[in-house]
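Examining the three-dimensional arrangement
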Amino acid sequence: MQANPERTGVAWCGSSAATCEFLGVRCRIIAEPDIDPALLAPWHVQVRDFAAADPMLADAWLASLARARQTPQIFVTRRPLATTRCAAVFGYASRRAGAAIVSLAGLDSDSPEQTRRRLQAVITHELGHLAGYRHCRTPGCLMRPAETPAELDLRRLAPCSACRRRRAWPLAAVLLAFCLAASLLLDTAIDRIRNRTQVFRWRADGAKGTLPLEGNEILRLRSPAAAQAAAEALNALYASMSPPPLEVTQTGSDVRVVAGSREVLAMRAVETEGIAPDQFARQWAARMDPLLQGKGPQERGCPACHVTRRGEVLEAMNQRSRWWRLR
Ligand SMILES: [Zn+2]
Ligand SMILES: [Zn+2]
């Protein structure tokens, strides 16, 4: 059964057209002088003597062609075709050469219409290869290999749905790989930004340690190690989108500044310069907390705006994690 060309993607051009198109591949047909043009009607055909040997080695011959610049070429001959692997083939396509060669040898039937239909089946199959289709096992599919003319008679002039899906796959795979790569790059960029949020630094000052922030000393500690630990804890809170608030805990004389379950400061390691440790801790926590929560101090103008922006960022992160889960 011959499929309707209009619905199969095969464009049957008028005799005046120099090229034909099949599933996006525009091609030119070149036939040897002994080919009856009626067998290729309504395709427009250029007549040229091109065959060299008998039988022709199709793969070697196509490899010797200069690559067709734009329009793929279909060569039609009466000589039997072979390849370096196969003793006899009806046709052979080379995407590298941008060309295919098909033979009428073995296609002849008592009915010229049947011969014409077989030749169309071979040409359309090779055009399928040039369009990127591979062989298929589906009975009746255009891309199912044929060894006999009877098998050509069963061949439809369109690839089956499995062929179309397979051909669509590489594009889908490329898109998926692109999405994954973009996502990984985004993760790396986020990590980099996170690592740059080392807002709190520490400095050794003799046997002591200090925490400077934009030129001001915000804390003086009894040892460089204590200063380092405090800076690390504060940086971790700063890098968190929603850090728990700073709180002061007291057990006997042991006063600490904590955020959730994380210890930020043990007041015994802090130089309070005469101020009671619990009072110092409360004042310090009250000064630092807006900075950790809003990522900027109140007097810098816009803590509300910082907080609003934070809401937007949180919403965007939620969206993104939902998207990850969907995948
Ligand atoms: Zn094939
Ligand atoms: Zn198929």
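Above this text you will find the structure in question.
Parameters and conventions
Residues numbered from 1 in each chain as written. Chains lettered and ligands numbered in written order. Predicted model: local features only at pLDDT ≥ 70, side-chain atom pairs only at ≥ 80, totals over all residues. Heavy atoms only, no water. Donors = N, O, S within 2.8 Å, 3.2 Å for Na, K, Ca; no water. Tetrahedral: all angles 85-135°; square planar, octahedral: opposite > 155°, others 65-115°. Helix = DSSP H or I, 4+ residues; strand = E, 2+ residues; numbered from the N terminus. Buried < 20%, exposed > 50% of the residue type's maximum accessible area, 1.4 Å probe, protein only. Core = buried A, V, L, I, M, F, W, Y, C linked by side-chain atoms within 4.5 Å. Contact = heavy atoms within 4.5 Å. Expected span 1.5 Å × (residues − 1). Salt bridge = Lys/Arg side-chain N within 4 Å of Asp/Glu carboxyl O.

What follows is about the coordination of the zinc ion (ligand 2). In this structure, Cys136 (SG), Cys141 (SG), Cys160 (SG) and Cys163 (SG) serve as the protein donors to the zinc ion (ligand 2), at separations of 2.2 to 2.4 Å. Of note is the zinc ion (ligand 2), whose 4 donor atoms meet at the metal with angles of 102 to 116° in an arrangement that counts as tetrahedral. Sequence positions of the residues that donate to the zinc ion (ligand 2) give the spacing C-x4-C-x18-C-x2-C. Highlighted residues: cysteine 136 in the loop between helix H3 (112-130) and helix H4 (149-153) and cysteine 163 in helix H5 (residues 161-196), separated in sequence by 27 residues. Taken as a pair, cysteine 136 and cysteine 163 share a single burial class, namely buried.

So, about the nonpolar core. Membership of the largest hydrophobic core comes to 36 residues, with the highest contact counts inside it found for Leu40, Ile74, Val76, Leu119 and Ile123. Apart from the residues lying within four places of it in its own chain, the contact partners of valine 76 are Ile29, Ile30, Ala31, Glu32, Ile35, Leu40, Phe50, Val102, Leu119 and Ile123. The next biggest cluster of nonpolar side chains, apart from the first, holds 30 residues, and it includes Leu234, Val255, Val257 and Ala281.

Quick look at helix H6 (residues 224-239) now. Since there are 3.6 residues in each turn of an α-helix, residues three or four apart along the chain are aligned in direction. An ideal rise of 1.5 Å per residue puts 22 Å on 16 residues; H6 measures up with 22 Å between its terminal C-alpha atoms. Of all the positions in H6, only Ala226, Ala227, Ala230, Ala231, Ala233, Leu234, Asn235, Leu237 and Tyr238 are classed as buried.

A few words now on the pattern of salt bridges. The tally for this structure, following the rule as stated, stands at 12 salt bridges. For glutamate 263, the salt bridge is made with arginine 256, and the minimal N-O distance between the two is 2.2 Å. A relative accessible area of 39% means that glutamate 263 is categorised as partly exposed. A salt bridge links arginine 282 to aspartate 278; its shortest N-O distance comes to 3.3 Å. Note that arginine 282 and aspartate 278 are positioned in helix H7 (residues 277-294) at a spacing of 4 residues, about one turn of the helix. Judged by relative accessible area, arginine 282 falls into the partly exposed class, the value being 44%. Overlapping salt bridges bring together Asp254, Arg256, Glu263 and Arg268 as one network.

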